[in-house]
Amino acid sequence: MKIAIMGYGVVGSGVGEIISSSQESLKKRCGEEIEIVSILDLRDFPDSSFKCFTKDFNDILSNDEIGLVVEVMGGTKPAYEFTKQLLLAGKHVVTSNKELVAKHGTELLKIAREKNINYLFEASVGGGIPIIRPLYSSLVSNELTDIIGILNGTTNYILTQMIKEGASFEEALAGAQANGYAEKDPTADVEGYDTCRKIAILTSLAFGKYVNSEDIETEGITSITLEDVEYAAEFGGVIKLVGMSKRVENGAFARVCPVILKKDHPLAGIDDVFNGILVKGEALGDVMFYGRGAGSLPTASAVVSDVIDIVKHKDTHIILGWTDGEEGYLKDPDEQSFRYYVRLCGSSDSASMCREGFNVITLDGEKYANEFAVFTPEMTGKEFNEFKRTELAGYDIRGCIRLVTE
Ligand code: HSE
């Protein structure tokens, strides 16, 4: 199988490295050699051992010998047009591009189906963790009902550095960038957009209907402070950025936000660049997936697994995907109930929240002298807004995070 790689960045170079260093074992596993014959990138790589770089997409599109293309360029322009043309030309495509799958996956999967070829995207969610294949294969006998996941390595690394090392947000982000975890524009990581695309893909696949990431309420971690981390710890919890979705009658809830997880929650101990995804199925109960969620070789290993899968089934279309989206399918997330953590400026002495059902926490130390935190009972988003409008009206709110209790 002659293949091409589009994009020679963190993931593309990892794919090149794995394929060139495992020729013999790859041949054993898929029955034929995999040869990289073209690499598309606008940059020059004079020191690379590969000598097949091109800056012209048509070199790949018009090369009839190339049967499979790895698209690891990121973004939708020009990845969408390129992928579409390749699929229409009958070439299999493997990608790690979550933005593209989340936005145009429905159409690209349809083309792959019509052409009896494959568009696989295991590496688009969870880096090296197998999660896409389990959803359309191993778990397919289950009616899946809930997904909650730590889906972004960069933000999990940042939060871990803040929680365990007391690092500032900026220091921790610089570390994630240096390790090759962050997106080119890290706004996509820290504002939650990357997690949002990933939960959109997982939800579409698990519940069978397309969910547009643009319709998912998304909040990142930029407002989380070390003080919030301290109050969460005093409460016995940790702050994590999660994507979560839940199947309900005639639709689903989905949202991305920082949450406090009690320390005994299965996702609470997932630190650094690791991702964890908890999936609930009606027959199976809970199943959890865990591993490195970003970085060159972990992500490239998922890409290469898809390549192998296609080489082994190259005349077969692997059935995966979802039906078209539907107006009203995603429900108003404010109908969902959560407990809330709210950090308030002022004294808790005469606070109305010092009553049954609420936990009020104060911390020692000068910087905590004029503030306290309240953990509310479970309430819907609408009830919480009313609570803020009435009982919290006199307070300056310094922080607010949902708690996930199950
Ligand atoms: N920036 C992403 C992350 C890369 O940090 O998880 C993997 O999708």
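Just so it is clear, the structure is predicted and the values come from calculations on it, not from any experiment.

Conventions we followed
Residues numbered from 1 in each chain as written. Predicted model: local features only at pLDDT ≥ 70, side-chain atom pairs only at ≥ 80, totals over all residues. Heavy atoms only, no water. Core = buried A, V, L, I, M, F, W, Y, C linked by side-chain atoms within 4.5 Å. Buried < 20%, exposed > 50% of the residue type's maximum accessible area, 1.4 Å probe, protein only. Contact = heavy atoms within 4.5 Å. Salt bridge = Lys/Arg side-chain N within 4 Å of Asp/Glu carboxyl O. Helix = DSSP H or I, 4+ residues; strand = E, 2+ residues; numbered from the N terminus. Axes fitted to C-alpha atoms, helices over the stretch in contact; angles between N-to-C directions. Parallel < 35°, antiparallel > 145°, perpendicular 65-115°, else oblique. Left-handed = near helix turned anticlockwise from the far one by under 90°. Nonpolar A, V, L, I, M, F, W, Y, C, P; charged D, E, K, R; others polar. Domains from an automatic or database assignment. Phe/Tyr/Trp six-rings, centres within 6.5 Å; stacked < 30°, edge-to-face > 60°. Near = heavy atom within 4 Å. Polar contact = N/O pair within 3.5 Å; in protein donor to acceptor, adjacent residues only side chain to side chain. Areas by Shrake-Rupley, 256 points an atom, 1.4 Å probe, with all protein chains shown as cover. Pairing = 2+ DSSP bridges.

Things to note about the nonpolar core
Counting 108 residues, the largest nonpolar core has Tyr119 and Phe121 as the members making the most contacts within it. In contact with Phe121, not counting residues within four places along its chain, are Thr95, Val101, Leu109, Ile132, Ile201, Leu205, Asp306, Leu320 and Trp322. Counting 26 residues, the second-largest nonpolar core is a separate cluster that includes Met244, Cys257, Phe372 and Val374.

Concerning the pattern of salt bridges
All told, the structure shown has 30 salt bridges when counted by the stated rule. Among the ionic pairs, Glu32 bridges to Lys314, the shortest N-O distance being 2.4 Å. Residue Glu32 is found in the loop between helix H2 (23-30) and strand E2 (35-40), and its partner Lys314 is found in the loop between helix H12 (296-312) and strand E13 (337-345); the two are separated by 282 residues along the sequence. For Glu32, a relative accessible area of 22% corresponds to the partly exposed category. The class for Lys314 is partly exposed, based on a relative accessible area of 33%. Linked by salt bridges that have partners in common, Lys98, Glu183, Asp194 and Lys198 make up one network.

Some points on the packing of H2 against H12
Taken N-terminus to C-terminus, the directions of H2 and H12 make an angle of 45 degrees; their axes are 9 Å apart at the nearest point. Considering the angle they form, H2 stands oblique to H12. Between H2 and H12 lies a crossing whose hand is right-handed. Side by side, H2 and H12 meet where Leu26, Arg29 and Cys30 of the first sit next to Val304, Ile308, Val311 and Lys312 of the second. Along the lines of polarity and charge, the residues of the contact of H2 with H12 split into five nonpolar, no polar and two charged.

A word on the domain arrangement of the protein chain
Domain parsing of the protein chain yields domain 1 (2-127 + 296-312), domain 2 (140-292) and domain 3 (335-404). Using only C-alpha atoms to locate each centre, domain 1 and domain 3 end up separated by 49 Å.

Some thoughts on the packing of aromatic side chains
As enumerated under the stated definition, the model contains 17 aromatic pairs in all. Seen from their ring centres, Tyr8 and Phe45 are 5.0 Å apart, and the 80 degrees between their planes marks the pair as edge-to-face. Taken together, the residues span a long stretch of sequence, with Tyr8 in the loop between strand E1 (2-6) and helix H1 (10-21) and Phe45 in the loop between E2 and strand E3 (53-54) at a distance of 37 residues. On the basis of relative accessible area, Tyr8 is assigned to the buried category, the value being 11%. With 5.3 Å between their ring centres and 45 degrees between their planes, Tyr341 and Phe375 make a pair best called tilted. Pair noted here: Tyr341 is in strand E13 and Phe375 is in strand E15 (residues 371-375), with a separation of 34 residues, a long-range link.

A look at the site of the ligand
The immediate surroundings of the ligand are formed by Lys98, Asn152, Gly153, Thr154, Tyr181, Ala182, Glu183, Asp189, Asp194, Lys198, Gly293 and Ala294. Contact distances for the ligand include 2.7 Å between a nitrogen atom and a backbone N or O atom of Tyr181. When isolated, the ligand has an accessible area of 250 Å², and the protein chains bury 93% of it. Looking at the shell around the ligand, the elements that each hand over two or more residues are helix H7 (153-165) and helix H10 (193-207). Here the shell around the ligand is composed, by residue class, of three nonpolar, four polar and five charged.

Let's talk about unusual backbone geometry
In this structure, the amide linkage connecting Lys77 to the following residue, Pro78, adopts the cis form with an omega of 10 degrees. Within the element layout of this structure, Pro78 appears in the loop between strand E4 (66-71) and helix H4 (79-88). In this model, Asn250 sits at a positive phi of 55 degrees, which is unusual for a non-glycine residue. Of the residues examined, Asn250 reaches a relative accessible area of 65% and is grouped as exposed. In this structure, Asp272 takes a positive phi of about 55 degrees despite not being glycine.

Description of the sheet that holds E4
The sheet built from six strands is open, its strands ordered E3-E2-E1-E4-E5-E6 with parallel pairing. Since the sheet does not close on itself, it has two edges, and those belong to E3 and strand E6 (119-120), each with one partner. In terms of strand pairing, E1 meets E4 through five bridges, oriented parallel. Paired with Ala4 across the strands is Val69, a residue of E4.

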